[in-house]
Amino acid sequence: MSSFADFQNEIYLAGLAGAVPDLPMTAAGLAERAREVLDPKAFAYVAGSASAERTAAANESAFDRYRLVPRMWRGASGPGVRDLSVEVLGTRLAAPILTAPVGVLELLHERGETIVAEVTRELGVGMVLSTAASTPIEEVGKAAGSWWYQLYWPADDDLARSFVQRAAESGAQAIVVTADTPSLGWRPRDLELAHLPFLYGKGIANYLSDPVFRAKLAAPPEESEEALRMAVLTWVGLFGNHGLRPADIARLREWTELPIAVKGVLHPDDARQLVDAGADAVVVSNHGGRQVDGSIAALDALPAVVATVGDRADVLFDSGIRTGTDVMVALSLGAKAVFYGRPWAYGLGLAGADGVRHALRLLLADLDAAMGLSGCRGVADLSRAMLSSAR
Ligand SMILES: Cc1cc2nc3c(=O)[nH]c(=O)nc-3n(C[C@H](O)[C@H](O)[C@H](O)COP(=O)(O)O)c2cc1C
């Protein structure tokens, strides 16, 4: 049974002793505090989206078009009656939430990925580990509970296969292929600071620790600055794979028995082709608006994808989740679980493990409380019938 909503009792009780929380209690508050406190380059990298950032804004405002219709007197509000757990792609989670793959966490904390692994494990939610991590897969695998590996499929199948194999051997329970980032979107905030972390050797730990990648180098990257520079150049040439097509999922299927999800799907026909090719799930996402500005808000893309493939694949949702009721709306529209992105990244930068825990507990407590007050004992109670149009 879930007791995530107890977070509020804990805070009010501490208030009796004169304590108020160190960190803001909303996702927007965390972003604002991060803007004040973090290194400007780190903040720009996390906060930045593509171009005029209209899609990033639309991801959040799309939720305004839906309203929940709570059903009182169904006995769901008391302590110990709710169970928010789900099973997605064979992974059991205490709530329908996984941390989104966020790369280059060393910009925010030197133990970034390990902290996220530890905290998600402690709370019983999932973690999706980025290919662009600052910590090798094997190390994160040792600390993590339920986790999936996000694959940026490089322009070299041997390397892609090596990443997948390393993830499977380290305990990953699914592979999430990100489809929308064969190259980076136009991101003014990073451009203004002329800052791309990868060029400084950040966020490429999985490459530098990979035998297939290392075999391409004339000298080990640890040996000298020049050797690291050459490794970065090799990375530049390998990062994006512009040749991928839905049929390639069938090849990935041959490499691994793990469930395969494809992240970055917005069009129902793409979803259909990917599922036809063997994907077990699609993640409706526009990468937090970081790739194509002006693209459809992720939430607006969700219903058609669910209608097209929802009967034979799991549909997950990512981009714009800020509150517990956002999670309820996405699940009511047919998502099986959601990815939660920037808010915990700000938490990591502000207060390390305490900040990640805080950001996740905000979401979980809000979700748990709102579920109970809406008459929902578990995710099975969420459906279109819970929703009304706000217009
Ligand atoms: C700083 C940052 C780094 C990211 N790195 C990756 C990544 O390495 N792989 C990936 O698939 N998505 C990456 N994403 C996208 C997230 O997984 C997710 O789609 C996005 O954060 C959702 O938007 P939201 O955080 O605004 O809700 C990144 C996002 C941010 C903000």
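Conventions and cut-offs
Residues numbered from 1 in each chain as written. Predicted model: local features only at pLDDT ≥ 70, side-chain atom pairs only at ≥ 80, totals over all residues. Heavy atoms only, no water. Helix = DSSP H or I, 4+ residues; strand = E, 2+ residues; numbered from the N terminus. Rg over C-alpha atoms; globule rule 2.2 N^0.38 Å. Buried < 20%, exposed > 50% of the residue type's maximum accessible area, 1.4 Å probe, protein only. Contact = heavy atoms within 4.5 Å. Areas by Shrake-Rupley, 256 points an atom, 1.4 Å probe, with all protein chains shown as cover. Lys, Arg positive; Asp, Glu negative; His and termini not counted. Charge placed at Lys NZ, Arg CZ, Asp CG, Glu CD. Arc of directions from axis to C-beta. Axes fitted to C-alpha atoms, helices over the stretch in contact; angles between N-to-C directions. Parallel < 35°, antiparallel > 145°, perpendicular 65-115°, else oblique. Left-handed = near helix turned anticlockwise from the far one by under 90°. Nonpolar A, V, L, I, M, F, W, Y, C, P; charged D, E, K, R; others polar. Near = heavy atom within 4 Å. Polar contact = N/O pair within 3.5 Å; in protein donor to acceptor, adjacent residues only side chain to side chain. Phe/Tyr/Trp six-rings, centres within 6.5 Å; stacked < 30°, edge-to-face > 60°.

K.L.:
Talk me through the overall build of the chain; I want residue IDs and the actual numbers.
P.N.:
What the chain contains, in helices and strands, is 16 helices and twelve strands. Its C-alpha atoms give the chain a radius of gyration of 20 Å, near enough to 21 Å, the size a compact globule of 391 residues would have. Here the C-alpha coordinates of the chain stretch approximately 70 × 50 × 40 Å along the principal axes. Buried positions account for 57% of the 391 residues belonging to the chain. A separation threshold of at least 6 residues defines the contact pool for the chain, and within that pool the share at least 24 residues apart is 73%. Total accessible area on the chain is roughly 16300 Å²; 52% of this is exposed by carbon and sulfur atoms. Charge centroids of the chain, computed over 36 positive and 47 negative side chains, lie 5 Å from each other.

K.L.:
Give me helix α2 (residues 27–37): which residues, what numbers.
P.N.:
Residue pairs three or four apart in sequence face the same way in an α-helix, which turns once every 3.6 residues. Looking only at α2, the buried set comprises A27, G29, L30 and A34. The arc that holds every buried residue of α2, seen down its axis, measures 155°, which confines them to one face. Along α2, exposed side chains directed more than 90 degrees from the buried face belong to A28 and E36. Tucked into the core, α2 has its buried residues touching α3 (40–47) and α16 (342–373).

K.L.:
Would you mind going over the packing of helix α5 (residues 112–123) against α16 in detail, with residue names and values included?
P.N.:
For any two helices packed against each other, the geometry comes down to the angle between their axes and how far apart the axes lie. Where α5 meets α16, the closest approach of the two axes is 11 Å, and the angle between their N-to-C directions is 20°. When the axis of α5 is compared with that of α16, the two are roughly parallel. For the crossing formed where α5 meets α16, the hand is right-handed. Taken together, the residues of α16 that come into contact with α5 (itself represented by G112, I115, V116, V119, T120, E122 and L123) are W344, L348, G352, A353, V356, R357, L360, R361 and L364.

K.L.:
Would you mind going over the packing of helix α15 (residues 324–332) against α16 in detail, with residue names and values included?
P.N.:
The contact between α15 and α16 brings their axes to 7 Å, and the two run at 65°. Residues G324, T325, V327 and M328 of α15 pack against L363, D366, L367, A370 and M371 of α16. For the contact of α15 with α16, the class distribution of residues is six nonpolar, two polar and one charged.

K.L.:
Help me get a handle on the environment of V81, residues and values and all.
P.N.:
Checked against the element boundaries, V81 lands in the loop between β1 (66–68) and β2 (86–88). On the accessibility criterion, V81 (25% relative accessible area) is partly exposed. C-alpha of V81 to C-alpha of G372: the two residues are 291 residues apart in sequence and 8.4 Å apart in space. Those residues within four positions of V81 in sequence are excluded, and the remaining contacts are M1, G75, A76 and R377.

K.L.:
If you had to explain the site of the ligand to someone new, which residues and values would you point to?
P.N.:
If you check the shell around the ligand, you find 23 residues, and the closest are P101, S130, T178, D318 and R322. In the environment of the ligand, an oxygen atom lies 2.6 Å from a nitrogen or oxygen atom belonging to the side chain of D318. Relative to its free-state accessible area of 610 Å², the ligand is covered by the protein chains to the extent of 98%. Partitioning the shell around the ligand into residue classes produces eight nonpolar, ten polar and five charged.

K.L.:
Kindly report on the packing of aromatic side chains, identifying the contributing residues and their values.
P.N.:
Within the structure shown, the criterion is met by ten aromatic pairs. Centroid distance F63 to F317: 6.0 Å. Interplanar angle 85°. Geometry classified as edge-to-face. Pair noted here: F63 is in the loop between α4 (54–61) and β1 and F317 is in strand β10 (residues 314–317), with a separation of 254 residues, a long-range link. Note on accessibility: F63 and F317 belong to one class, buried. Seen in terms of ring centroids, Y152 and F239 are 5.0 Å apart; in terms of plane orientation they differ by 65°. Their pairing is edge-to-face. Here F239 lies in the loop between α11 (225–238) and α12 (248–255) and Y152 lies in the loop between β6 (147–151) and α7 (157–169), a separation of 87 residues in the sequence. Residue Y152 shares its accessibility class with F239, and that shared class is buried. Through a chain of ring-to-ring contacts, the aromatic side chains of Y152, F163, F198, Y207, F213, W235 and F239 assemble into a single cluster.

K.L.:
Could you give an account of the environment of V88, naming the residues involved and the relevant values?
P.N.:
Positionally, V88 belongs in strand β2. Accessibility expressed as a relative area gives 0% for V88, which makes it buried. In the structure, V88 is positioned 248 residues away from K336 in sequence and 6.8 Å away in space, judged by C-alpha atoms. Apart from residues no more than four positions distant in its own chain, V88 is found in contact with L93, W148, D314, L316, K336 and A337.

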